[in-house]
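Working through the structure, step by step
Spelled out from the first residue to the last, the chains are:
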Amino acid sequence: MHPPESAEELLNRCRRIAGFTLEELAAELAVALPKDLKRDKGTVGQLLELALGASAGSKAEPDFPHLGIELKTIPIDAQGAPLESTYVCVAPMSGFALERFEDSWVYRKLSRVLWVPVLASRDIPLAQRTIGQAFLWRPSPAELATLQQDWEELMELLRLGQLSQIKGQHGVALQLRPKGANSLALTDALNEDGATVQALPRGFYLKTSFTRALLQRQFA
DNA sequence: CTCTGATCATTA
DNA sequence: TAATGATCAGAG
């Protein structure tokens, strides 16, 4: 699948597959679908990347670089509420002294997002989960302000080396959580003296309260 | 090894 | 039962 040439083409591709079960989509793409996501947590996202022609792969870029659009699948329940938080990007834990919000990965990835809801309550077998109506989103001025405020608060913790104080509870919309192979994974970080130490890698995630509001606004 | 795609699973 | 911390697979 070649990359879509415009946002409109991308949305048309989404409309065509809305209502498909994951089994149907996998069959059309001629790829195998695992029995569940226990050992294949990224399957749904990769299926949609394939179906829609996303090209960035595992590079640190939006999925559709030429359109500046990031693709996010989001698991929802029958009421349309998100079932999981949404991973955004890894958090810089060293060497980020001059970074401004407008230059951050958080800003670049969230400035334009194609949300693809998937009805994915845990009691629905993976194969039977259905793709919902996708929509293109830009943060409202208020949402952007919230994101920026959170980002600055969280970056301050990282800059000051307050590693032990980092909890998922910081932030209104964004939070910092572990993002690594396991709890033993290590990356360079700063301690309180500004020295480089090894610490658990973290990522920025969107809290479900934030994505819930965004979904409700769209489908209200 | 890092970053992507995320969800799992235990805790509070 | 929601939230937090832990975890899994693949690409590059």
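Attention in this report is confined to the structure presented alongside it. (Residues numbered from 1 in each chain as written. Chains lettered and ligands numbered in written order. Predicted model: local features only at pLDDT ≥ 70, side-chain atom pairs only at ≥ 80, totals over all residues. Heavy atoms only, no water.)

Concerning helix 5 (residues 141–159)
A turn of α-helix holds 3.6 residues, and therefore any two residues three or four places apart point the same way. Between its terminal C-alpha atoms helix 5 stretches 26 Å, which fits the 27 Å expected from 19 residues at 1.5 Å a residue. Taken as a whole, helix 5 has its buried residues at Glu-143, Leu-147, Asp-150, Trp-151, Leu-154, Met-155, Leu-157 and Leu-158. With its buried residues spanning 145 degrees around the axis, helix 5 presents them on a single face. For helix 5, exposure combined with an orientation more than 90 degrees from the buried face picks out Pro-141, Ala-142 and Gln-149. Buried residues along helix 5 sit against helix 4 (105–110), strand 5 (135–137), strand 6 (174–178), strand 7 (187–190), strand 9 (202–206) and helix 6 (208–219). Positive phi shows up at Gly-161, right after helix 5, with a value of about 70 degrees. (Helix = DSSP H or I, 4+ residues; strand = E, 2+ residues; numbered from the N terminus. Expected span 1.5 Å × (residues − 1). Buried < 20%, exposed > 50% of the residue type's maximum accessible area, 1.4 Å probe, protein only. Arc of directions from axis to C-beta. Contact = heavy atoms within 4.5 Å.)

What about the protein's contact with DNA strand B?
Of all residues adjacent to DNA strand B, which total 26 residues, the nearest are Lys-41, Thr-73, Tyr-87, Lys-179 and Tyr-205. Near the protein, within 4 Å, the atoms of DNA strand B are sugar or phosphate in 58% of cases. In the model, a phosphate oxygen of DNA strand B is placed 3.2 Å from a nitrogen or oxygen of the Asp-63 side chain. Elements with a minimum of two residues in the surface near DNA strand B: helix 3 (43–52), strand 1 (70–76) and strand 2 (86–90). It is strand 1 that contributes the most residues to the surface near DNA strand B, four residues altogether. (Near = heavy atom within 4 Å. Polar contact = N/O pair within 3.5 Å; in protein donor to acceptor, adjacent residues only side chain to side chain.)

Structural notes on the protein's contact with DNA strand C
The full set close to DNA strand C counts 16 residues, and Arg-39, Lys-41, Gly-168, Arg-177 and Ser-183 are the nearest of them. Among atoms of DNA strand C positioned within 4 Å of the protein, sugar and phosphate together represent 51%. Here Arg-177 contributes a side-chain N or O atom positioned 2.8 Å from a base nitrogen of DNA strand C. Within the backbone of Ser-183, a nitrogen or oxygen atom sits 2.8 Å from a phosphate oxygen of DNA strand C. Considering every element that reaches the surface near DNA strand C, the biggest residue donor is strand 6, with three residues. A class-by-class count of the residues in the surface near DNA strand C yields three nonpolar, eight polar and five charged. (Nonpolar A, V, L, I, M, F, W, Y, C, P; charged D, E, K, R; others polar.)

Overview of unusual backbone geometry
You will see that Ala-30, though not glycine, has its phi angle at about 60 degrees, which is positive. Mapped onto the secondary structure, Ala-30 falls in the loop between helix 2 (22–29) and helix 3. Take Ala-30: its relative accessible area is 68%, and that puts it in the exposed class.

Thoughts on the pairing of strand 9
In terms of burial, strand 9 is a largely internal element, five of the five residues being buried. Residue alternation in strand 9 divides its side chains into two sets, Arg-202, Phe-204 and Leu-206 and Gly-203 and Tyr-205, and both sets are buried. Bridging between strand 2 and strand 9 involves four bridges; their strand directions are antiparallel. Bridge pairing in strand 9 places Cys-89 opposite Phe-204. In the sheet, strand 6 pairs with strand 9 via five bridges, with the strands oriented antiparallel. In the strand pairing of strand 9, Leu-176 is matched with Phe-204. (Pairing = 2+ DSSP bridges.)

Some thoughts on the packing of helix 2 against helix 3
Two elements in contact, helix 2 and helix 3, have axes whose closest approach is 11 Å; the angle formed by their N-to-C orientations is 50 degrees. In terms of orientation, helix 2 lies oblique with respect to helix 3. Between helix 2 and helix 3 lies a crossing of left-handed hand. Here helix 2 contributes Leu-22, Leu-25, Ala-26 and Leu-29 to the contact with helix 3, which in turn contributes Val-44, Leu-47, Leu-48, Leu-50 and Ala-51. Looking at the contact of helix 2 with helix 3 residue by residue, the classes come out as nine nonpolar, no polar and no charged. (Axes fitted to C-alpha atoms, helices over the stretch in contact; angles between N-to-C directions. Parallel < 35°, antiparallel > 145°, perpendicular 65-115°, else oblique. Left-handed = near helix turned anticlockwise from the far one by under 90°.)

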